[in-house]
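Structural characterization, general
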Protein chains: 2
Amino acid sequence: MTANKPQNRYDYDVVVIGAGHAGTEAAAAAARVGAKTVLLTTNLDTVGQMSCNPAIGGVAKGQIVREVDALGGLMGEAIDATGIQFRMLNRRKGPAMHSPRAQADKKAYQNFIKFRIENQDNLDLRQEVVEDLITEPIAEGSDRLATQRVVGVQVRGDAAYYARTVILTTGTFLQAIMHTGKSQSAGGRAGEGTTAGLSGALHHLGFTLDRFKTGTPPRLNARTIDYAGLEEQPGDEDPQPFSYLNDAITSPQMACHIAHTNEQVHDLIRANLDRAPMYSGQIDSRGPRYCPSIEDKVVRFADKSSHQLFLEPEGRQNCEVYVNGISTSLPRDVQDAMFRCIPGLEKATIMRYGYAVEYDFSPPTQLWPHLESKAVSGLFFAGQINGTTGYEEAAGQGLLAGLNAARLVAAQTPWVPSRQDAYVGVLVDDLVTSGTDEPYRMFTSRAEYRLLLRQDNADRRLTQQADELGLIDAARRERFQNKRRDIERGNELLKAAKIQPPTGPVVRGDVYLRRPEVTWETLREQVPELGEIGKEAAEQCTIDIKYAGYIDRQQAEVHKQSRHAEKSIPVSFDYDRIGPLRTEAKEKLNRVRPINLGQAKRISGITPADLALVLAHLENHS
Amino acid sequence: MTANKPQNRYDYDVVVIGAGHAGTEAAAAAARVGAKTVLLTTNLDTVGQMSCNPAIGGVAKGQIVREVDALGGLMGEAIDATGIQFRMLNRRKGPAMHSPRAQADKKAYQNFIKFRIENQDNLDLRQEVVEDLITEPIAEGSDRLATQRVVGVQVRGDAAYYARTVILTTGTFLQAIMHTGKSQSAGGRAGEGTTAGLSGALHHLGFTLDRFKTGTPPRLNARTIDYAGLEEQPGDEDPQPFSYLNDAITSPQMACHIAHTNEQVHDLIRANLDRAPMYSGQIDSRGPRYCPSIEDKVVRFADKSSHQLFLEPEGRQNCEVYVNGISTSLPRDVQDAMFRCIPGLEKATIMRYGYAVEYDFSPPTQLWPHLESKAVSGLFFAGQINGTTGYEEAAGQGLLAGLNAARLVAAQTPWVPSRQDAYVGVLVDDLVTSGTDEPYRMFTSRAEYRLLLRQDNADRRLTQQADELGLIDAARRERFQNKRRDIERGNELLKAAKIQPPTGPVVRGDVYLRRPEVTWETLREQVPELGEIGKEAAEQCTIDIKYAGYIDRQQAEVHKQSRHAEKSIPVSFDYDRIGPLRTEAKEKLNRVRPINLGQAKRISGITPADLALVLAHLENHS
Ligand SMILES: Cc1cc2nc3c(=O)[nH]c(=O)nc-3n(C[C@H](O)[C@H](O)[C@H](O)COP(=O)(O)OP(=O)(O)OC[C@H]3O[C@@H](n4cnc5c(N)ncnc54)[C@H](O)[C@@H]3O)c2cc1C
Ligand SMILES: Cc1cc2nc3c(=O)[nH]c(=O)nc-3n(C[C@H](O)[C@H](O)[C@H](O)COP(=O)(O)OP(=O)(O)OC[C@H]3O[C@@H](n4cnc5c(N)ncnc54)[C@H](O)[C@@H]3O)c2cc1C
């Protein structure tokens, strides 16, 4: 009996705060590698909720989902099980640009994620509101730069969770204010509340916080849309799964539709710009530039007379329609009036109005690449709280933070994929090295080696490492090994095969496959044993061979760059001792504390001369 | 363009506030009969949410669901589509006691209700927080006793909905405070907020508000329960649908399990009673007596050494388990410790802690039987705000309020079923005549004529009237008419049939069927044409014949009672003019304002002598 205990205490290895896209991956990853984990979230009914668009993937984002899956994460399986429309974007471009995207049945997606979390061993999911962080001072230098160590969190209702590591994944909920026209209310998501206490706790611990904003479009009732005149956008005929565990998507696909804004709508918006919180000065924090509101688009692309709107159903048994392309915080009368002018939507009724939300984030240069904070040992940050946007970016960070929190508990060194191994590597390196002055989302252009970081080969890049890290189960291991064996065998068969082309001399199978007009299917007719090779492995053999030239060139580049780049810099390295180093460089290097020369080089404003000085100093003193 | 409008204005016939069980039925009913209706609710993701147990029906409650269905409501079809275990309670008792109950897949249930609402013509579902009521004064006497008329509601964000009628169905959300041990927070449901403004508005309009409380048990994670030693409780082998539209339930059924408390648990509770909000004096409002918390049970049934706990899964793809029987607001350490002592639950982890919630309700004697308030014309109340508890009670009231709001808009007279026609009639009559000093739930014992109010004949009692009221669609009408034809034909066949019993003379089929050992099936062997009669109609013929004696007696009683009972009393009837009437009687009659002598008679403390005086006065002055 604990009747007289002043406070309820629960003990774990890892505490994760917030069960959004970052938090669920973080908690699942920590638990998978064996840490005793608890996931605390305000409301168990919002686990894995999609705050905005009911879709997973997209250009560069789809690649992240494939990586999360290759590392044993949840997102890929969840969207495969609950997707309602699958499309491989950029199909006509080269394989580095192929990007899977799928519309989700929003509620089914949430339920799937929650069910997975509930069934995960080592993991407790509990409804709690976290109000404060519990820390204790540590001797300077005992843990890198930290002067505090997190020991747990305080929750509403006289209780505390103690743990060696805490992962903050509270999304847009810190000091959140929602705006629709001049009306404002507190909350991280319409219909929900905000979290004030944690911002105070972070301030108190010396963290800098900054403000971003994001927005969401109105939702319409499908029953009130006139689909007759709208262009239909069907899914792919051969929908591709996101998860390497799945062979195919067999559930029926739903169509989306496309509508268009027009000058009348744009005039209306222009006439009301002074009532838009972003333009009236009511909001002055920065929003996602590449995901602009309709008022932004009308201002920035003043010459465009029309913008596309994608009408995306939010589920199979759900009339809510997400209007992709018309995110707005204009007052509600303008939102109503806009639709009156759009063909097909003249009679559409709004079920939820669009709004913008302003929230605190923690600039991510305050973190190590493994997402632990520099100031507070054991305190990790992942997801939108780091200034990113997007479910996929959140999931990728969450998985890394969860893994590394568990590794810290087990006294293992952090694991972070490099920029040449994964978009997730690019993501965390960009964040901790350069920070971000607008909500950060992934683009293929952010990756130097995007021919290596394809959506099709994420498993070949990561699953072996995931296995060594303890992140995957036997079923995934076996599937991966079979595929790898198939690829090897495919290559052998191709090399051994003698093919007689329509004209010219006999050539080896692999040589023949290099010809643009030749496909795996062509070859299979001549080399029947190729029929034994699985579809995915065949695709890998084909890409390996057809793009060998480009791939080899990128790999050579990686090799060249990595010679110096991997040279690590000790955490306590004293830049101030390098006399000739420019003051600006010292300041930047002191702030970022790059873990190796490669990261140092990527800090904006650091010159080759600066690097040469650091390198010389490192070599003299080792 | 409405750019310079000071406030956004929307116009409807009926505004419903709150999309719980009352609000969804109210809105759907109003829309079905043709009123232009809007349903406003805080969060579109909680439409039709089950705040507490994931089950529909039960003794007397199941009968209400059947009535709601017979009137074209949503609840029956929703539970049929999403139930995971169906049981007919009291099967071994007479048909008046048979009560259907089903466990729901909680999330699927919600989604079903929302989808139906979204698809309902004449009905808009919108996410809005209602903050105030808009009223205007009317000349006294122009509308019964009202001195105000509702004209609309004010919502958060500079907007108002105008309508001739408004239905309040805000459940437990008015001035709600949740308690777990000594910790308190504002909110009508864990993880959600409260509604303060509306209580103020009601006070302002002269309504009396009072406080009730209710509680909910902790939810456990199924993965952490040891089911091996627990008793399994399967569903029925022939699950019966709730809706008269469905022939059968074909979805697979899930099992529940039974665990037991013990002396160790009871000792623990007793030792911590001073920390239970109800016993420490922290809560002093009344809770549901028949649905007591575990601390209540331990105190009130001190001699019982064990209580049953039903472990009810909350869904098919959901590990949350509702522990029916252990509702509690004890502090969380006691909740944790209780389970440690219960065989099978020793290692169970709590996902959500139990809590109690205190909230404002509006004593229902302030309403007319059709649920419009006496003081404010056009303002209706339904559901938990009227001091009731239970989804079914809420749904029944909601349907009546929605229908009558729409009828008021169309200048039609109210429609309310009588006590001999429906449990719903008993419900509203009890509420408006006697009020309630604890959360009101339905029992079969509340009905005088429960052999008439069976779960099997709700359609025969109500669907014809529902059709005349415009509440049902063609499919339901046709199904009902076919069934009625079948019943008639069955009766004719039985009367025409000559049966030779094993011993004795030849008898008519209906006479033979009266024998206890004879069933419809026995007869069908001898009268092959009976095979053409549908299953439900056959059941009705059988019950009509076997229970004819009892049924006739109750009907005669109804007849006898209704002679004077139906004598209506004008709204403006002046009791003070009846010189000899006792002061207490005057006070009570003035407060309740019974619509007829029957209702007057049911007011507690009104004597036959009082009634005789009223009757005499009525007859003298008409
Ligand atoms: C209005 C809006 C519009 C958006 N628009 C876009 C868009 O157009 N494109 C895009 O890519 N992304 C958009 N996003 C961002 C996207 O939703 C997020 O990037 C993503 O959900 C972030 O995931 P997360 O796990 O970091 O946080 P979230 O998914 O927000 O999860 C945070 C979780 O933490 C919980 N929580 C918060 N405080 C506490 C506490 N004190 N205690 C316990 N739990 C707590 C919350 O309940 C929630 O479950 C939008 C977000 C919002 C809110
Ligand atoms: C903790 C708890 C325990 C319970 N235990 C039991 C039990 O053991 N047995 C039992 O039979 N019943 C129980 N109940 C009662 C049962 O849940 C209710 O009787 C039933 O849900 C009432 O239905 P309703 O439609 O009246 O209200 P609700 O289902 O509560 O719906 C009210 C709706 O109104 C909305 N709303 C509130 N304020 C506003 C506003 N200002 N603007 C817009 N929308 C608003 C809410 O969001 C909600 O959707 C319990 C309820 C609670 C909360």
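Conventions adopted
Residues numbered from 1 in each chain as written. Chains lettered and ligands numbered in written order. Predicted model: local features only at pLDDT ≥ 70, side-chain atom pairs only at ≥ 80, totals over all residues. Heavy atoms only, no water. UniProt positions renumbered as here; feature names shortened; annotations may be inferred. 1 Å grid on protein atoms, 1.4 Å probe; cavity = no way out; pocket = protein on both sides within 12 Å on 5 of 7 lines; lining within 4 Å. Points joined across faces, edges and corners; volume = space filled by probe spheres on them. Nonpolar A, V, L, I, M, F, W, Y, C, P; charged D, E, K, R; others polar. Helix = DSSP H or I, 4+ residues; strand = E, 2+ residues; numbered from the N terminus. Phe/Tyr/Trp six-rings, centres within 6.5 Å; stacked < 30°, edge-to-face > 60°. Buried < 20%, exposed > 50% of the residue type's maximum accessible area, 1.4 Å probe, protein only. Lys NZ or Arg CZ within 6 Å of the ring centre and 35° of its normal. Near = heavy atom within 4 Å. Polar contact = N/O pair within 3.5 Å; in protein donor to acceptor, adjacent residues only side chain to side chain. Areas by Shrake-Rupley, 256 points an atom, 1.4 Å probe, with all protein chains shown as cover. Salt bridge = Lys/Arg side-chain N within 4 Å of Asp/Glu carboxyl O. Contact = heavy atoms within 4.5 Å. Least-squares fit on C-alpha atoms with pLDDT ≥ 70 in both.

For chain A, the name recorded in an unreviewed UniProt entry is tRNA uridine 5-carboxymethylaminomethyl modification enzyme MnmG, with Rhodopirellula halodulae as its organism. UniProt, in the comment section headed Sequence similarities (unreviewed entry), describes chain A in these words: "Belongs to the MnmG family."

Here we take up empty space enclosed by the protein. In the structure shown here, the tally under the stated rule is four cavities of 30 Å³ or more. As a volume, the largest cavity reaches approximately 130 Å³. In terms of lining residues, the largest cavity is bounded by 16 residues, among which S51, A190, R219, R352 and Y355 of chain A are the most central. Residue composition of the lining of the largest cavity, by class: five nonpolar, five polar and six charged. In this model, the second largest cavity occupies a volume close to 50 Å³. For the lining of the second largest cavity, the element with the most residues is strand β14 (residues 210–216) of chain B, which contributes three residues. Class assignment of the residues belonging to the lining of the second largest cavity gives a composition of three nonpolar, four polar and two charged.

Applying the stated rule across the entire model yields 14 aromatic pairs over all chains. Geometrically, the ring pair formed by F86 of chain B and F242 of chain B is tilted, given 6.4 Å between the ring centres and 50° between the ring planes. Taken together, the residues span a long stretch of sequence, with F86 of chain B in strand β5 (residues 83–89) and F242 of chain B in the loop between β16 (231–233) and β17 (256–260) at a distance of 156 residues. A relative accessible area of 2% places F86 of chain B in the buried class. In this structure F242 of chain B comes out as buried when scored by relative accessible area, which is 0%. Grouping aromatic residues by their ring pairs yields a cluster made of Y10, Y12 and Y161 of chain A. One cation-aromatic arrangement involves R66 of chain B over Y244 of chain B; the distance from NZ or CZ to the ring centre is 3.9 Å. In this structure, R446 of chain B packs its charged tip against the face of Y440 of chain B, placed 3.9 Å from the ring centre.

A separate point is the site of ligand 2. All names here are of chain B. Around ligand 2, 35 residues are found, and the nearest of them are A22, V130, T195, Q384 and G390. S51 places a polar side-chain atom, nitrogen or oxygen, 3.4 Å from an oxygen atom of ligand 2. Within the backbone of G215, one N or O atom sits 3.2 Å away from a nitrogen atom of ligand 2. Protein contact buries 97% of the 980 Å² of open area that ligand 2 shows by itself.

Turning our eyes to something else, we now look at the pattern of salt bridges. If charged atoms from side chains of opposite charge come close, those side chains can pair. Applying the stated criterion across every chain yields a total of 88 salt bridges over all chains. For R156 of chain A, the salt bridge identified is with E131 of chain A, shortest N-O distance 3.1 Å. Taken as a pair, R156 of chain A in the loop between β9 (148–155) and β10 (159–162) and E131 of chain A in strand β8 (residues 130–137) lie far apart in primary sequence, 25 residues in all. Look at R156 of chain A and you get partly exposed, because its relative accessible area is 38%. Looking at E131 of chain A, the relative accessible area reads 34%, which means it is partly exposed. E77 of chain B serves as the salt-bridge partner of R476 of chain B, at 3.9 Å between the closest nitrogen and oxygen. A residue pair is termed long-range when its members are at least 10 positions apart, and R476 of chain B in helix α13 (residues 474–496) and E77 of chain B in helix α3 (residues 75–82) qualify at 399 residues. As far as burial versus exposure is concerned, R476 of chain B and E77 of chain B are alike and both buried.

Residue and element names in this part refer to chain B. For S329, the position within the fold is in the loop between β19 (320–324) and α9 (332–340). S329 gets classed as buried once you look at its relative accessible area, which sits at 1%. Those residues in contact with S329 that sit more than four places away from it in its chain are H179, T180, G181, P277, E295, Y355 and A356.

Turning next to the relation of the copies chain A and chain B. Mapping chain A onto chain B calls for a rotation angle of 180° and an axial translation of 0.0 Å; the resulting RMSD is 0.0 Å. Interpreted geometrically, this transformation is the action of a two-fold axis. Proximity to the rotation axis, assessed at the C-alpha, singles out E192 of chain A in chain A; its C-alpha lies 3.5 Å from the axis. Mapped onto chain B, 100% of the interface residues of chain A again fall at the interface, so both copies present the same surface.

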